[in-house]
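# Structural overview for review
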Amino acid sequence: MLTISDLVDRINCYLSMQLERFSPQKHLYPVLDYVVMNGGKRLRPLLVYRTSDCLGLNLETSDAIACAIELVHCYSLAHDDLPAMDNAKMRRGKPSCHIKFDEASAILSGDALIPLAFKLINEIETHSIETKSVMLDKFSDCIGGEGLVAGQMLDLKILQQKNTHEQLERIYDLKTGCLFVAAMYIPALVKRCNISQLQNIEKIAIYLGRIFQIKDDLLDIESHATNTGKPSGLDKAKYTLPKIIVLVETRKIYASYIDKIKFLLEATFKSATPLLELVEMINTRTY
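Here the structure is a predicted model, which is why all the values come from computation and not from measurement. (Residues numbered from 1 in each chain as written. Predicted model: local features only at pLDDT ≥ 70, side-chain atom pairs only at ≥ 80, totals over all residues. Heavy atoms only, no water.)

Attention now moves to the overall build of the protein chain. When helices and strands are counted, the protein chain shows 13 helices and two strands. For a compact globule of 287 residues, the expected C-alpha radius of gyration is about 19 Å, and the protein chain comes in at 18 Å, within 12% of that figure. Along the three orthogonal principal directions, the C-alpha set of the protein chain runs to about 50 × 50 × 35 Å. Looking at the 287 residues of the protein chain, the share that counts as buried comes to 54%. The long-range share in the protein chain, meaning contacts at least 24 apart out of those at least 6 apart in sequence, stands at 73%. Summed over its atoms, the accessible surface of the protein chain is roughly 13100 Å², and 54% of this surface lies on carbon and sulfur atoms. Taking the 34 positively charged and 35 negatively charged side chains of the protein chain as two groups, their mean positions are separated by 3 Å. (Helix = DSSP H or I, 4+ residues; strand = E, 2+ residues; numbered from the N terminus. Rg over C-alpha atoms; globule rule 2.2 N^0.38 Å. Buried < 20%, exposed > 50% of the residue type's maximum accessible area, 1.4 Å probe, protein only. Contact = heavy atoms within 4.5 Å. Areas by Shrake-Rupley, 256 points an atom, 1.4 Å probe, with all protein chains shown as cover. Lys, Arg positive; Asp, Glu negative; His and termini not counted. Charge placed at Lys NZ, Arg CZ, Asp CG, Glu CD.)

Set out below in structure tokens:
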């Protein structure tokens with residue numbers, strides 16, 4: 001089993017290779033390279049690889065899934081930073097895409113990366129046409145208007161009204177959890193997991209999305225830009241979980257999700273060690 005560091009190097013090489021197809025486009029390629037090859041944690045690809053390790057899925061198939069999901073994640077960050085959305089001028093310690101280039105370039109990066117992501121998913125070998133169809137449907141649901149994009153819209157609306165704990169979790173589930181679902185569910189479909197396993201995997205992914213987002217909220221309060229790569233306090237105008245139910249209760253909820261994840265991992269996989277390692281990485285991250 002490859003180490004986390006080896007897997008990050010692997011996905012970076014695969015992403016770079018996929019972007020090469022745009023190299024003749026002298027105006028577009030530098031933008032895409034800036035958006036994708038920007039030193040991210042590559043958590044979603046790691047989730048693909050570690051799920052695949054638990055399922056016994058080969059690395060080559062995992063590469064395509066991991067790359068497709070990371071391309072979607074990268075474009076979503078470029079769009080999140082736009083003035084019409086989060087209006088963030090810095091991302092991972094560097095100027096946001098629309099600052100480095102312009103707003104149109106940041107928008108067009110998504111127009112290029114989303115079709116490439118679907119192309120990669122469509123090229124994955126499956127045991128039947130039906131599985132391919134289910135896989136594409138799931139990917140579409142997770143990244144589109146029933147998943148990530150719906151979460152982004154709700155996240156914008158949260159600025160205008162006070163939300164409940166349950167409403168905020170819904171945003172976490174859509175904006176963050178849905179990509180985590182894709183990262184775990186698609187390898188499980190390729191591996192022909194049964195319905196019970198698929199249901200557990202979706203629950204695990206949703207809980208992982210919640211702990212990741214809650215950790216983000218806590219880091220936004222407690223960390224400095226030197227740790228997070230972006231200015232702290234960006235969420236001060238938003239109703240984050242710590243603001244709704246205070247820090248002590250937020251940490252209790254966070255711990256309960258960790259327990260649920262560990263229980264479901266042990267119930268779903270013969271050996272959950274690779275994914276437990278990733279849970280610990282999320283739990284202890286400082287940026």
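If you trace the backbone, His 98 turns up in helix α5 (residues 97-100). Among the residues examined, His 98 registers a relative accessible area of 8% and is labelled buried. Residue contacts for His 98: discarding those within four places in its chain leaves Asp 81, Leu 82, Pro 83, Ala 88, Glu 103 and Ala 106.

Under the definition given, this model contains four aromatic pairs. Relative to Phe 101, the ring of Tyr 34 lies with its centre 5.6 Å away and its plane at 80 degrees, an arrangement referred to as edge-to-face. In this pair, Tyr 34 is assigned in helix α2 (residues 28-36) and Phe 101 in the loop between α5 and α6 (103-122), connecting sequence segments 67 residues apart. Plain terms: the ring middles of Phe 180 and Phe 212 are 5.8 Å apart, the flat faces sit at 65 degrees to each other, and that makes the pair edge-to-face. Taken together, the residues span a long stretch of sequence, with Phe 180 in helix α9 (residues 165-190) and Phe 212 in helix α10 (residues 195-222) at a distance of 32 residues. Exposure remark for Phe 212: the relative accessible area of 7% places this residue in the buried category. Sitting above the plane of the Tyr 34 ring, Lys 94 keeps its charged end 5.1 Å from the centroid. When the ring centre of Phe 212 is taken as reference, the NZ or CZ atom of Arg 285 above it lies at 3.9 Å. (Phe/Tyr/Trp six-rings, centres within 6.5 Å; stacked < 30°, edge-to-face > 60°. Lys NZ or Arg CZ within 6 Å of the ring centre and 35° of its normal.)

Time to look at helix α8 (residues 148-157). Within the span of α8, buried status applies to Leu 148, Ala 150, Gly 151, Gln 152 and Asp 155. The elements touched by buried residues of α8 are α4 (59-80), α7 (129-143) and α9.

Contact geometry for helix α3 (residues 43-55) and helix α13 (residues 273-284): axes closest at 8 Å, N-to-C directions at 155 degrees. The angle between α3 and α13 falls in the class roughly antiparallel. Every residue of α13 that contacts α3 at Leu 43, Leu 46, Leu 47, Arg 50, Thr 51, Asp 53 and Cys 54 is listed here: Pro 274, Leu 275, Glu 277, Leu 278, Met 281 and Ile 282. Taken together, the residues of the contact of α3 with α13 break down into nine nonpolar, one polar and three charged. (Axes fitted to C-alpha atoms, helices over the stretch in contact; angles between N-to-C directions. Parallel < 35°, antiparallel > 145°, perpendicular 65-115°, else oblique. Nonpolar A, V, L, I, M, F, W, Y, C, P; charged D, E, K, R; others polar.)

What follows is about the environment of Lys 203. Its place among the elements puts Lys 203 in helix α10. Remark: the alpha-carbon pair of Lys 203 and Leu 275, spanning 72 residues in sequence, is separated by 14 Å.

Among all residues except glycine, the phi angle is most often negative; among peptide bonds, the trans geometry is most common. Despite not being glycine, Asn 87 shows a phi value in the positive range, around 55 degrees. Of note, Asn 87 is situated in the loop between α4 and β1 (90-91). Residue Arg 192 is not a glycine yet carries a positive backbone phi of 60 degrees. Tracing the backbone through its elements, the reader meets Arg 192 in the loop between α9 and α10.

Attention now goes to the nonpolar core. Counting 92 residues, the largest nonpolar core has Leu 71, Phe 139, Leu 208 and Phe 269 as its most contacted members. Sorting elements by how many residues they give to this core places α9 first, with 16 residues. Those residues in contact with Leu 71 that lie beyond four places of it in its chain are Leu 15, Val 36, Leu 113, Leu 116, Ala 117 and Leu 120. (Core = buried A, V, L, I, M, F, W, Y, C linked by side-chain atoms within 4.5 Å.)

Another aspect to go through is the pattern of salt bridges. With the rule as written, the count across this model stands at 14 salt bridges. With its nearest N and O atoms 2.8 Å apart, the salt bridge here joins Arg 50 to Asp 53. Of the two residues, Arg 50 and Asp 53 both sit in helix α3, three residues apart, roughly one turn of that helix. (Salt bridge = Lys/Arg side-chain N within 4 Å of Asp/Glu carboxyl O.)

The values are spatial; any link to function lies outside them.
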